[in-house]
Every structure is written in C-alpha cells, then in structure tokens.
Amino acid sequence: MTNSTPSTSSGQASLPRAEYLKTVGNLKLYIRKDREDAASFFAKDISRKLKEFRDVERRDVLFLSSGGSALSALDRIDEDVIGPYLTIGIFDERYDPLNKISNYAQLRKTSFYNRAVSRGCRLIDTTAQKGQTPGDLADFYEKELRCWRLLHPRGAIMATMGIAVNGHTAGIMPFPEDPARFRDLFERERWIVAYDAGEKDSFSLRVTTTFTFLRYVDIVGIYLVGAPKGHMFRKLMDGDNCAELPGRIVKTLPRGAVYTDAALVATAGYAVPNKFA
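Conventions and cut-offs
- Residues numbered from 1 in each chain as written.
- Predicted model: local features only at pLDDT ≥ 70, side-chain atom pairs only at ≥ 80, totals over all residues.
- Heavy atoms only, no water.
- Pairing = 2+ DSSP bridges.
- Helix = DSSP H or I, 4+ residues; strand = E, 2+ residues; numbered from the N terminus.
- Polar contact = N/O pair within 3.5 Å; in protein donor to acceptor, adjacent residues only side chain to side chain.
- Contact = heavy atoms within 4.5 Å.
- Phe/Tyr/Trp six-rings, centres within 6.5 Å; stacked < 30°, edge-to-face > 60°.
- Buried < 20%, exposed > 50% of the residue type's maximum accessible area, 1.4 Å probe, protein only.
- Expected span 1.5 Å × (residues − 1).
- pLDDT = per-residue confidence, 0-100.
- Salt bridge = Lys/Arg side-chain N within 4 Å of Asp/Glu carboxyl O.

## Here we look at the sheet that holds strand β2 (residues 27-32)
Reasoning step 1: Spatial ordering of the open sheet is given by β1-β2-β11-β10-β7-β3-β4-β6, a layout of eight strands whose pairing is mixed. Whereas interior strands pair on both sides, the edge strands pair on one side only; in this sheet they are β1 (23-24) and β6 (122-123).
Reasoning step 2: Both strand β3 (residues 61-65) and strand β7 (residues 156-161) contribute to a ladder of five bridges, which runs parallel. Looking across to β7, one finds that Leu64 is bridged to Ala159.

Now the structure itself:
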C-alpha cells in the first residue's frame, strides 16, 4: 500500500486542518464573532457567576478588575448583581501622584463604578494619596487584601484580566533577560509589589498583584480580543516560560474562562467556528 496525501478536487494537496481550541490550560475558551460580541458575552458570563456566588453559594466576593480592555467591559455587567456583598478594586495599578492615568481613576469614569457606589459596594481606593510612595501604596493594598481575606474566610476572589501584545498581564512585565528578578518580584511571599518597569511599558511605575496572589483567586475571566494579539496568543499557547511571556500563567489557573474573538483566533493560526468564518 502506498501513502497518499489528501487532495482537493483540482488535484492539489490540501493544507492540514487548523487545530480547534476549546480550552486554554484549565480555562474554557469562548470564541465570539467580534470584539463587541466578546465583550457582551464576557459581561453576561461574569454576571451569571456573580449571581451564583451571591444566591447559590452565599459568599461575599472580592472583585478585582485589570485596566485597559477588561475595564471597558464592566459597564455591561448586569446592575442587579451589584450589591453590598461585593468589595471592588483594581487588579493592578499605575502609580500616578496626579491620579490622571491610574487604573482606579479610569474605574471611576465607568457606569459600573457609579452603580457600585449607589448600590452599597465597598471600594478599595488605590489612587495615590499625598506623599504616598509606590512602596507605601503597595503596602496599603497588600494590607487591604489580606484583611479582606481574614474577614471573609469563605469569600470568593474573582478577577477580570487582559493580556497585552507584549504578553504582560496585570502589571507583570516580561523579564526574559533576567528570570531571577522576575521570580523575586512576582513569585515570593508578597501579594502586591511596587516596581519600575522602565522601558518595558509606557506606564513604568507599577503597583501590581503577583503570581503568588493570583493563585489565591477562585475564578478568572480573561478578556482577550483583536487580531494584533493573535501572534502573542500563539506564542502563549506554545510555551511555558512566564518570565518571557507572563500571560502564560493563565494556563495554570484552576477555574475560569478566556473570552476572545474570531479575528484573534484566526491570526493565531487556529480554527474559527464555521458560523464566524
């Protein structure tokens, strides 16, 4: 018997079929038509999970949001799931003494924030106070998170996250040139660290959660859309070195989902559902 290569009707060899992804590590992968569709589905699923924590599991929730695109989707969360059982904060902060570019300052501009205030949520304000250094802010936020954990031993921690084109997630930048520094910053005992990312990002002064804290998070929602991030996503899937691409940490997390669009998936070289092709 001779080996044969599948061919098209014209007699030319056909390309191998692209892999169809259903998961990213332990996390479910939801592929939607476009950015708008992904944002709506993301918010609907977050709303469903918050309602489950409140009504079924009867747990208080620490809800932390990254900045950027994940923050922009919060306004779509159902208003009726927002209430006093929620403590709301930022997953990573841009240190800014003027509080113009901080992620908490951006959160304040959202309808989600206004609803949270009016419906009795507790808010952890991570804007810089007068005379407060990045290290001071990190110590303040670390204390706030650890106190919440002590006061709510049954409480659930939920985080929404994004992953940037350079692979950073939260405020955790890649350090392929210095894995030891990466471990010292993000994989020690602290939940929050302050550091200067230098030229790695236009917002260099960071106060961010660490991998250590991330492993205490009960459930994550990763909002990841757009063709420009496709090549990064393929690289994320093909390797395990987090110092090179911090977003790879999501493949190790136990529970949650990644919400993406057809453009990113196609650019990454994976199969797109027929209804979006």
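## Points about the side chain of Arg206
Reasoning step 1: With respect to the helices, strands and loops of the structure, Arg206 is situated in strand β9 (residues 205-209).
Reasoning step 2: A polar side-chain atom of Arg206 sits 3.0 Å from the main-chain carbonyl oxygen of Phe203.
Reasoning step 3: Among residues more than four places away in sequence, those in contact with Arg206 are Asp92, Glu93, Arg94, His168, Ala170, Gly171, Met173, Val193, Ala194, Tyr195 and Asp201.

## What to know about the packing of aromatic side chains
Reasoning step 1: The full count for this structure, using the stated rule, is 16 aromatic pairs.
Reasoning step 2: Aromatic side chains Tyr30 and Tyr259 sit 5.6 Å apart centroid to centroid with 25° between the ring planes, which places their arrangement in the stacked category. Residue Tyr30 is located in strand β2, and its partner Tyr259 is located in strand β11 (residues 256-261); the two are separated by 229 residues in the primary sequence.
Reasoning step 3: With relative accessibility at 0%, the residue Tyr259 sits in the buried group.
Reasoning step 4: Where Phe175 meets Tyr195, the ring centres are 6.3 Å apart and the plane angle is 50°; that geometry is what we call tilted. Linking Phe175 in the loop between β7 and α6 (179-186) with Tyr195 in strand β8 (residues 192-196), this pair joins segments that are 20 residues apart in sequence. The same class applies to Phe175 and to Tyr195, which are both buried.

## Brief notes about helix α1 (residues 35-56)
Reasoning step 1: When the terminal C-alpha atoms of α1 are compared, their 31 Å separation across 22 residues agrees well with the 32 Å that a helix rising 1.5 Å per residue should span.
Reasoning step 2: Within the sequence span of α1, burial applies to Ala38, Ala39, Phe42, Ala43, Asp45, Ile46, Ser47, Lys49, Leu50 and Phe53.
Reasoning step 3: Its side-chain oxygen placed 3.3 Å from the backbone nitrogen of Glu36, Asp34 serves as the N-cap of α1.

## Quick look at the confidence of the model for the protein
Reasoning step 1: Here the protein averages 93 in pLDDT, while 94% of its residues score no lower than 70.
Reasoning step 2: Across residues 1-15 the pLDDT falls below 50, and counting only partners more than four positions away or on other chains, this stretch makes eight contacts in the model.

## Remarks on unusual backbone geometry
Reasoning step 1: Unusually for a residue other than glycine, Arg58 sits at a positive phi of about 50°.
Reasoning step 2: With respect to the element layout, Arg58 can be found in the loop between α1 and β3.
Reasoning step 3: What makes Arg58 exposed here is its relative accessible area of 65%.
Reasoning step 4: Although it is not a glycine, Asn99 adopts a positive phi angle of roughly 55°.
Reasoning step 5: Structurally, the position occupied by Asn99 is in the loop between β5 (92-94) and α3 (103-108).
Reasoning step 6: We classify Asn99 as partly exposed; its relative accessible area is 23%.

## Topic: the pattern of salt bridges
Reasoning step 1: All told, the structure shown has 24 salt bridges when counted by the stated rule.
Reasoning step 2: A salt bridge links Arg59 to Asp218, with the shortest nitrogen-to-oxygen separation between them at 3.8 Å. Residue Arg59 is found in the loop between α1 and β3, and its partner Asp218 is found in the loop between α7 (211-214) and β10 (219-223); the two are separated by 159 residues along the sequence.
Reasoning step 3: Where Glu142 meets Arg146, a salt bridge forms, and the shortest distance between an N and an O atom there is 2.8 Å. Residue Glu142 and its partner Arg146 are located together in helix α5 (residues 134-151), separated by four residues, close to a single helical turn.
Reasoning step 4: In this structure Glu142 comes out as buried when scored by relative accessible area, which is 9%.
Reasoning step 5: On the basis of relative accessibility, which here comes to 33%, the residue Arg146 falls in the partly exposed class.
Reasoning step 6: One connected set of salt bridges, linked through shared partners, spans Asp45, Arg48, Lys49, Glu52 and Arg255.

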